[in-house]
Amino acid sequence: MLSLDQISELLGKESEVLLQHQSKTIDKSMLHLPGPDTVNRIYQPSSRNPQVLRSLGQLFGHGRLANTGYLSILPVDQGIEHSAGASFAKNPAYFDPENIVKLAIEGGCNAVASTFGVLAAVSRQYAHRIPFIVKINHNELLTYPNRFDQVMYGTVEEAWNLGAAAVGATIYFGSEESDRQLVEVAQAFERAHELGMATILWCYLRNDAFKKDVDYDLSADLTGQANHLGVTIQADIIKQKLPVYNGGFKALNTGTSSYGKLDERIYTTLTSDNPIDLCRYQVANCYMGRMGLINSGGASAGEADLADAVRTAVINKRAGGIGLISGRKAFQRPMAEGAALLNAIQDVYLNEQITIA
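A brief structural summary. (Residues numbered from 1 in each chain as written. Predicted model: local features only at pLDDT ≥ 70, side-chain atom pairs only at ≥ 80, totals over all residues. Heavy atoms only, no water.)

**Describing the nonpolar core**
If you look at the biggest cluster of nonpolar residues, it comprises 111 residues, and the most contacted ones within it are Leu59, Ile73, Leu74, Phe132, Leu201 and Val314. When neighbours within four sequence positions are excluded, Leu59 is seen to be in contact with Leu71, Asn110, Ala111, Pro131, Ile133, Ala165, Ala166, Ala198 and Ile237. (Core = buried A, V, L, I, M, F, W, Y, C linked by side-chain atoms within 4.5 Å. Buried < 20%, exposed > 50% of the residue type's maximum accessible area, 1.4 Å probe, protein only. Contact = heavy atoms within 4.5 Å.)

**What to know about the sheet that holds strand S10 (residues 323-325)**
The parallel closed barrel is built from eight strands, whose spatial order is S1-S2-S3-S6-S7-S8-S9-S10. Across the sheet, the mean angle from the axis of one strand to that of its neighbour is 25°, orientation sign disregarded. Both strand S6 (residues 166-173) and strand S7 (residues 198-205) contribute to a ladder of eight bridges, which runs parallel. Among the inter-strand pairings, Ala169 is bridged to a residue of S7, identified as Leu201. Each of strand S1 (71-76), strand S2 (111-114), strand S3 (132-135), S6, S7 and strand S8 (237-240) is contacted by helix H4 (residues 50-60), which is oriented at about 70° to S7, the strand it contacts most. (Pairing = 2+ DSSP bridges. Helix = DSSP H or I, 4+ residues; strand = E, 2+ residues; numbered from the N terminus. Axes fitted to C-alpha atoms, helices over the stretch in contact; angles between N-to-C directions.)

**Looking at the side chain of Asp305**
Tracing the sequence through the fold places Asp305 in helix H15 (residues 305-319). Judged by its relative accessible area of 0%, Asp305 is buried. With residues near it in sequence (within four places) discarded, Asp305 still touches Ala299, Ser300, Lys329, Arg333 and Leu341.

**Some points on the pairing of S7**
Burial runs high along S7: eight of the eight residues are buried. The alternating pattern of S7 places Ala198, Ile200, Trp202 and Tyr204 and Thr199, Leu201, Cys203 and Leu205 on opposite faces, both of which are buried. Running through helix H10 (residues 178-195), the crossover from S6 to the neighbouring parallel element S7 is right-handed. As judged from the three bridges shared by S7 and S8, these two strands associate in the parallel manner. Directly across from Leu201, in S8, lies its bridge partner Ile238. Assessed by its sense of winding, the connection that carries the chain from S7 through helix H11 (residues 220-232) to S8 is right-handed. (Right-handed = clockwise from strand over helix to strand, strands pointing away.)

Here is the structure:
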């Protein structure tokens, strides 16, 4: 297990900024923080039925992070989202669905999230050995010219039949198709809850207008609002990219444009420039942590992947999040190395010296 000194070394020059920071924005006492009693304390008072609570218990009760309140999930749906060749060329073994599930098991993950096809191909062999999360909608890149739209690839009933503990879906908030996606996913999540499955929403922003002087689809204020829309349709867990910037609403409200609503205190009181405070704003928009926030592990960048994954985990944990969902950094390398990277992420959450900021 990584020690605090090893984690600090991986953080490099950001070590003090991230490990010693004490937030003065949204106080930690206001948050519903993860813990061994997460399902009973946070989810049980809600309208979730006993079957959903059992499914959430499966997710939180599996792998190296079992019964800590934290989640480490392996997501592999990039074969559709980014093309199989581009995703698996670095490690062709992952064209075979069984190796995807094996990596999640070897890596000590709470669950594996993948496509209908991947999980159905091995469901009788593995659905009882590790919780399955079926990603029910995807964007595909064969339409010419490429367009970005999440469409359903199967039914919630099909996910239930192959033994899933949860379903996941993406909404591209800000896109022309977002209204339709919002309705589709809300209806799918309602049905999933009826059948006793948990729900995870990928709350992503997608609009060319968000990419101005910087990529405001990584802005705390815009991603935070996307999270708030996600918990509004009763997603149990929110997946969001780690915020890098702030001021998205301001940037889109320049000149003759009018976009959204903002309050200056979003930037002066509720956040700061520290990455932990930017992430905490995302947590706050998840009903102050009542619905847990997991951050994305992001793309693979080679040798920097381990340090980057540990950095993201530290920020998420100290902000009040509940874990990390990391795919390409893990499966685009040999299985043993991928499992070790997943373990390093988990070590951050298991380290009692890394506490809420």
